[in-house]
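# Residue-level structure breakdown
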Amino acid sequence: MDNQMRSMTAYLLQLLVWLVFMAIVILWPAGTLAFPGGWAFIVLFAFGSLAMIFWLARHSPSLLRERMGSPLQPDQKPWDRVWLILFIPAFCIWMGFMGWDAARTGFMAIPPWLQTLGGVSMVIYMLGAWWTFRENAFAAPSVKIQPGQKVIDTGPYATVRHPMYASALLLFLGTPLLLGSWWAFCFPRCSFSQLPGVPFMRSVLLVGN
C-alpha cells in the first residue's frame, strides 16, 4: 500500500509539473492570463489526465507505469528515438505559437462555436485514449514486444489499426480551434505526414481493408 501511495503521489506531482509547464508555454507567449481558450485547454487536460491516472491505477497499474515513464526507452528503434527527441520540443513550440498567434489576433480569429468544437474534439480524444487503454493493457508509449502480449481485435481495434493515432488526430485538429489559431493547423499536417514507420493514414481505415 505504501508503494502504491508513493507511486500515485509521484504520478500526481508529475502531472502537476506538466500542467504548470504547459500553462507557461501557452500563456507566456500570449502575454496575458486573460486567455479563455488557453485555460480551457489546461482544465480539460488536467481533468482528463486525472481521470486517466486514477482509472489506470485501479484497472491497469502496469500500463500506468509505462505511460508515466520516460517516452525514450533503451529498446527503442534509433529512428523512433530521434523522432521523439525532435517532436517533443516541436510540440511545445507549437503550443507556444498558438498562444502568441491567438493574442496577435485579439483572441478573435476563430469564432466561439468552433472553439467549443475544438474542446469537444479534445474530450473525444481522451475518451478514445481511454477506450484504447481499456482494451489493450500493452499500449506502451514506445513500440515494443512485451511478455504476454497478444493481438487485440476488440473495441476500437475491431475498426481501426491504430486507435491511439486516430484519436490523436482529434487532439491535433481540436487544439488549434480551442486555442484560436488557424496557422497552427500547419503543424499536424507536417508531423503526421512524417511519422516514421507508422502507417498513420491507414489507422483510420477499416481493418479488413
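Note that the structure is predicted; figures quoted are calculated from it, not measured.

Of the regular secondary structure elements, the protein holds seven helices and zero strands. The order of helices and strands in the protein, counted from the N terminus, is α-α-α-α-α-α-α. Burial status across the protein gives 41% buried among its 209 residues. Considering only contacts within the protein whose residues lie at least 6 apart along the sequence, 79% involve residues at least 24 apart. Counting only carbon and sulfur atoms, one obtains 71% of the accessible surface of the protein, whose full area is about 12,100 Å².

With that settled, consider the packing of helix 4 (residues 78–104) against helix 6 (residues 163–179). The geometry of helix 4 relative to helix 6 is characterised by a closest axis approach of 9 Å and an angle of 30° between their N-to-C directions. Taken together, the axes of helix 4 and helix 6 are roughly parallel relative to one another. Facing helix 4, whose interface residues are Phe87, Phe91, Trp94, Met95, Met98 and Ala102, helix 6 presents Phe172, Thr175, Pro176 and Leu179. Split by residue class, the contact of helix 4 with helix 6 holds nine nonpolar, one polar and no charged.

For the rest of this paragraph, the subject is the packing of aromatic side chains. In this structure the tally under the stated criterion is 11 aromatic pairs. Through a chain of ring-to-ring contacts, the aromatic side chains of Phe87, Phe91, Trp94 and Phe172 assemble into a single cluster.

In the UniProt entry, the feature "transmembrane region" (unreviewed entry) is given for residues 12–31, 37–57, 78–100, 112–133 and 165–185. End-to-end, the C-alpha atoms of residues 78–100 are 34 Å apart, and along that stretch the chain is 100% helix and 0% strand.

Let's shift gears to the nonpolar core. Judged by nonpolar contacts, the single largest core of 39 residues is most densely connected at Ile26, Phe41, Trp94, Met95 and Phe172. With 10 residues, the single largest contributor to this core is helix 1 (residues 2–30).

It is worth spelling out the environment of Ala109 at this point. By secondary structure assignment, the location of Ala109 is in the loop between helix 4 and helix 5 (112–135). Remark: the alpha-carbon pair of Ala109 and Gly180, spanning 71 residues in sequence, is separated by 6.1 Å. If sequence neighbours within four positions are ignored, Ala109 has contacts with Gly180 and Trp182.

So, how was this worked out
The residue count restarts for each chain, going from 1 along the sequence in the order it is written. Totals for whole chains, interfaces and linings use every residue, but because this is a predicted model, local features are given only for residues with pLDDT of at least 70 and side-chain atom pairs only at 80 or more, for both listing and counting. Each side-chain value is derived from all of the structure's non-hydrogen atoms; neither hydrogens nor water enter the calculation. Helix and strand labels come from DSSP, where a helix needs a run of H or I of at least four residues and a strand needs a run of E of at least two; each type is numbered from the N terminus. Summary of the burial criterion: residues with accessible area below 20% of their type's maximum are buried, those above 50% are exposed, and those between are partly exposed, where the area comes from a 1.4 Å probe applied to protein chains only. Working rule for contacts: check all heavy atoms of both residues, and any pair within 4.5 Å makes them a contact. The Shrake-Rupley method, run with a 1.4 Å probe, gives the accessible areas here. Residue values count only the displayed protein chains as cover. Each axis is a line fitted through C-alpha atoms, taken for helices only over the stretch in contact, and angles between the N-to-C directions span 0 to 180 degrees. Every angle not falling under 35 degrees, over 145, or within 65 to 115 is termed oblique; those three ranges are roughly parallel, roughly antiparallel and roughly perpendicular. Note that Gly is not counted as nonpolar here; it falls among the polar residues with everything else outside the nonpolar set of Ala, Val, Leu, Ile, Met, Phe, Trp, Tyr, Cys and Pro and the charged set of Asp, Glu, Lys and Arg. Only Phe, Tyr and Trp rings take part, Trp by its six-membered ring, and two of them pair if their centres are within 6.5 Å. Stacked means planes under 30 degrees apart, edge-to-face means over 60, and tilted covers everything else. UniProt positions are given in the numbering used here, feature names are shortened, and annotations may be inferred rather than shown by experiment. Nonpolar cores were defined as sets of buried Ala, Val, Leu, Ile, Met, Phe, Trp, Tyr and Cys residues, with membership established by side-chain atoms within 4.5 Å.

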